[in-house]
Structures are given as structure tokens and as C-alpha cells.
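Residue-level structural notes
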Amino acid sequence: YWIADALMAIFFLLVGLEIKREIMEGELSTRQKAILPVLAAVGGMVVPALFFAVFNFGRGTQHGWGIPMATDIAFSLTILSLLGNRVPAGLKIFLAALAIVDDLGAILVIALFYSSNLNLEALLGGLAVFGGLMALNVARVHNLLPYFLLGALLWTLFLKSGIHPTIAGVLFAAAVPHRRRGASEPQVEAAVQQLEKQLKMLQSPDCRQDKMLRDQVLEEMQVVSSSIESPLQNLLHSLHPFSSYVIMPLFALANAAIVFGNITADEIVQPLGLGILAGLVLGKPLGITFAAWIGVKAGLAVLPDRVSFTKIYGMGCLAGIGFTMSIFIANLALRGHGIELAKGAVLLASGVAAVSGYVTLLLQSMSARRPTLEQTERV
């Protein structure tokens, strides 16, 4: 419970910070940039949920429709990065933006459908605290201490409200200032020039040979960089190692442990297992590709440079890696009823999705590099 309700709130805080950064200044900051990944993410959530519902409608497991909706952004991007320059940079950016929107969708699903026993007084108190956090943001308070104090109270009230406390992490992230600490454009430009000067010094022979001098230059660069970073960027950089090396391993140890001897092939092909497998392995790539195709054909969006629909399908396969988020939603949705089978199906589906996505994109890259008959004759 401490891992699921407390540490995962910090994980969702990190997710919320990434979503806010992308909306304010990243791949979701303009309509032109956002429309294609948003459409693809919606298709990649709705179609897997429908696949699951087809297999589980009218059964005790039908409440688990949210399990195959989620994408594990870390694992999917890791597999994609293994392909290196075989895939265009636009595809990697597209997957990252899609996964961010997917995370936002998962957060909304958790808040709306997987919270219970609503305590209205605690919820109103939590919303009032959130209002206080936003007031700090509007007042341009950049010291994070008052944010943390109100954030702890926000988490406590949401824990008592019946809304899952991880949502408090997302609301906290929305209030963290993304503006730089009062630095004007000339100050930012001066800091950049200082960093460039220190970078040249770092590359000099004297600095390479003198370890103490090198460490001093690196510390000065860190101080200059921190002086112009926004509180959001600083908090994001601080939380990433803690999330990657503490929260995620603990979550995996506490939630993903499965006694495989208790799961047979007959059970995997039961409606619960089939719904998860079909949703993640088939529903994800089909939903993402179909939604992207509709968006492009309708003139609402354009494909990124050197990205085709076949590449989007391969990327959609990778989006079927649902490991962390899918298991988290399974714990909320099933509450012990078939949870071990659901975890096993999520792991199996994630493995199949990873292999199929990698192989699909690899074969496409090899095919693209193979010279055509016309090119061969010309040579």
C-alpha cells in the first residue's frame, strides 16, 4: 500500500511534470504538433478497451477494460532506441508524445473509474489545497518548499477522499512553475555564453589533465545551468533517478511477482487473459495506426518526416508494452479477482509486443536500405 499509494504518487508527479513540459513547450505545445499523437493515443486507448470488452462483457472481469489501454513509456522507448538510426528521429518523438497523452488518458481513467467510496468533504478540501498551490504559481513563488508542504496535505486529503492518491501527484505537477526563475532574455543569453566558455575550457588540454580544475569547471557549469532552469525542470531532473532506480524496481518487486506454476495455458486463454493479450498485442497497433490514418486523410494532421503508416504500425506494436501502468490499473480494477492471471497476461503481451514491434521496424529498415531492381540496373 505504501508503494501503490505513496511512492506511485511521486511517479505520477514525474509523469505530470513531463506532460506539463510537453504541453507548455514541447511536442504538445501547438495544434500542429499535438493533433497526430493525440488522435493516435486516443485510438490506442479506445480500441484495446473494446477488444477487452468483447471478451469480458457480462463477466466479473469486465471492469478491467482499462488494463490494456496503458503504454509503458520507459520500456517502449528503450526498445525503440535499440534500433538506433534505423528508425527516423520523428518516429521516436511521435512515440514519446503519444505515450505522454496515453499517460494522461490513464490518469483520467483512474480518477473517473477506479476510485471508490467518495468522501466529499475530503475531496473539497483537497481541491481547496490545489487552489492554494495554483495561487502560489500565479504569484510566481519559485521556492518549492511551500509547494511540498501543501502537496503533502493534498496527498493526505485525496487518500481520504476515495480518489486515488496518485492523482494528487498529477495535480501537484500542474502547479509547479515552468517559468524560469525571473531570468530575463539577456540574463539567459549571458548564462548560455558562460556555459559555452566553460565548455571550451573543459575541452582544453590543461583541464583534461588537471582533475581538480575539471571538477571545478563542471561545478560552475551546474551552478549556471541551475540558475536559469525553471522549478519544473529542476524537480524533473531530481526525480528521474529516484523514479528509475527506486520507485520502479520496488513497484516491480511488490506487484509483478507471479507464481507462474499457478498459471496454466488453459487459464491464459480464458476471457480475462485473451482480452488483455488481444488488447495490447492487436488493439494497440491497430487503434494507433487507424486513428493516425484517419487524421492524415481528413487533413487534420501530417505524418512526421520519413515516417510511413507501416512504421507507425511497428511503433504501435511497441506501444503495446503495458508493463508498469497496466499492472497498476489491474490492481485497481480487479482487486484480487484474477489479478495474478492478469499480471501474467500483461507480461506475456508486453513481451510479444516488444518482439513484434522490434522485428517489424527492423525488417522495414532493412527493406528500405535494400536497393531496388531499377537502382541496381542503373548501377
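Just so we're clear, the structure is a prediction, and the values are computed from it rather than from any experiment.

**Quick look at the overall build of the chain**
Each helix and strand counted, the chain has 17 helices and zero strands in total. The 379 residues of the chain split such that 47% are buried. Counting every atom, the chain has about 18,900 Å² of accessible surface; 65% of that belongs to carbon and sulfur.

**Observations regarding unusual backbone geometry**
Despite not being glycine, Arg-140 shows a phi value in the positive range, around 60 degrees. On the secondary structure map, Arg-140 appears in the loop between α5 (120–138) and α6 (145–161). The backbone phi angle of Arg-306 is positive, close to 65 degrees, even though this residue is not glycine. Looking at where Arg-306 falls in the secondary structure, it is placed in the loop between α13 (271–297) and α14 (309–318).

**Describing the environment of Ala-40**
Within the element layout of this structure, Ala-40 appears in helix α2 (residues 31–56). Separated by 62 residues in sequence, Ala-40 and Asp-102 have C-alpha atoms that sit 9.2 Å apart. Among all residues touching Ala-40, those that are not within four sequence positions of it are Phe-94, Leu-98, Gly-287, Ile-288 and Ala-291.

**Looking at the pattern of salt bridges**
One pass over the full model with this rule turns up two salt bridges. A salt bridge links Asp-102 to Lys-284; its shortest N-O distance comes to 2.6 Å. Pair noted here: Asp-102 is in helix α4 (residues 89–113) and Lys-284 is in helix α13, with a separation of 182 residues, a long-range link.

**Considerations on the packing of aromatic side chains**
A ring pair, where both rings are aromatic, is described by two values, the distance of the centres and the angle of the planes. Using the criterion set out here, one finds seven aromatic pairs in the structure. Taking 5.5 Å as the distance between ring centres and 45 degrees as the angle between the ring planes, the aromatic pair formed by Phe-12 and Phe-328 counts as tilted. Of this pair, Phe-12 sits in helix α1 (residues 2–25) while Phe-328 sits in helix α15 (residues 323–334); the two residues are 316 residues apart in sequence, bridging distant segments of the chain. Taking relative accessible area as the criterion, Phe-12 reaches 0% and is therefore assigned buried. Seen in terms of ring centroids, Phe-148 and Phe-172 are 5.8 Å apart; in terms of plane orientation they differ by 10 degrees. Their pairing is stacked. Separated by 24 residues along the polypeptide, Phe-148 in helix α6 and Phe-172 in helix α7 (residues 166–175) bring together distant segments of the chain. Taking relative accessible area as the criterion, Phe-148 reaches 39% and is therefore assigned partly exposed.

**Points about the packing of α4 against α14**
In the contact formed by α4 and α14, the axes pass within 11 Å of each other and the chain directions differ by 45 degrees. Considering the angle they form, α4 stands oblique to α14. Our pair here, α4 against α14, has a crossing hand that is right-handed. Here α4 contributes Leu-91, Phe-94, Leu-95 and Leu-98 to the contact with α14, which in turn contributes Lys-311, Ile-312 and Met-315. In terms of residue class, the contact of α4 with α14 is built from six nonpolar, no polar and one charged.

**Section: α15**
Its 12 residues give α15 an end-to-end C-alpha distance of 16 Å, which sits within 8% of 16 Å, the value for a rise of 1.5 Å per residue. Regarding α15, the residues found buried are Phe-323, Thr-324, Met-325, Ser-326, Ile-327, Phe-328, Ile-329, Ala-330, Leu-332, Ala-333 and Leu-334. Count one or two residues on from α15 and you reach Arg-335, which has phi positive near 50 degrees.

**Details of a nonpolar patch on the surface**
Residues Val-38, Val-42, Val-46 and Leu-50 make up a contiguous nonpolar surface patch of roughly 300 Å² in combined accessible area. By relative accessible area, Val-42 is classed as partly exposed at 40%.

**Topic: the nonpolar core**
Grouped together as the largest cluster of nonpolar side chains are 97 residues, with contacts concentrated most on Phe-12, Leu-17 and Ile-276. Look past the residues within four positions of Phe-12 in its chain and what remains in contact with it is Ile-107, Ile-110, Thr-166, Gly-169, Val-170, Met-325 and Phe-328.

**What to know about the environment of Val-170**
With respect to the helices, strands and loops of the structure, Val-170 is situated in helix α7. According to the relative accessible area criterion, Val-170 is buried, its value standing at 14%. Put simply, Val-170 and Leu-104 are 66 residues apart on the chain and 9.2 Å apart in space, counted from C-alpha to C-alpha. Here Val-170 is in contact with Phe-12 and Ile-107, once residues within four sequence places are set aside.

**Considering the side chain of His-142**
Along the chain, His-142 turns up in the loop between α5 and α6. What makes His-142 buried here is its relative accessible area of 18%. Looking at His-142, its side chain comes within polar contact range of the main-chain oxygen of Arg-140, at 3.0 Å.

Analysis parameters
- Residues numbered from 1 in each chain as written.
- Predicted model: local features only at pLDDT ≥ 70, side-chain atom pairs only at ≥ 80, totals over all residues.
- Heavy atoms only, no water.
- Helix = DSSP H or I, 4+ residues; strand = E, 2+ residues; numbered from the N terminus.
- Buried < 20%, exposed > 50% of the residue type's maximum accessible area, 1.4 Å probe, protein only.
- Areas by Shrake-Rupley, 256 points an atom, 1.4 Å probe, with all protein chains shown as cover.
- Contact = heavy atoms within 4.5 Å.
- Salt bridge = Lys/Arg side-chain N within 4 Å of Asp/Glu carboxyl O.
- Phe/Tyr/Trp six-rings, centres within 6.5 Å; stacked < 30°, edge-to-face > 60°.
- Axes fitted to C-alpha atoms, helices over the stretch in contact; angles between N-to-C directions.
- Parallel < 35°, antiparallel > 145°, perpendicular 65-115°, else oblique.
- Left-handed = near helix turned anticlockwise from the far one by under 90°.
- Nonpolar A, V, L, I, M, F, W, Y, C, P; charged D, E, K, R; others polar.
- Expected span 1.5 Å × (residues − 1).
- Patch = residues over 30% accessible without salt bridge, like charges linked within 9 Å, V, L, I, M, F, W, Y side chains within 5 Å.
- Core = buried A, V, L, I, M, F, W, Y, C linked by side-chain atoms within 4.5 Å.
- Polar contact = N/O pair within 3.5 Å; in protein donor to acceptor, adjacent residues only side chain to side chain.

Everything listed is a geometric property; what it means functionally is a separate question.
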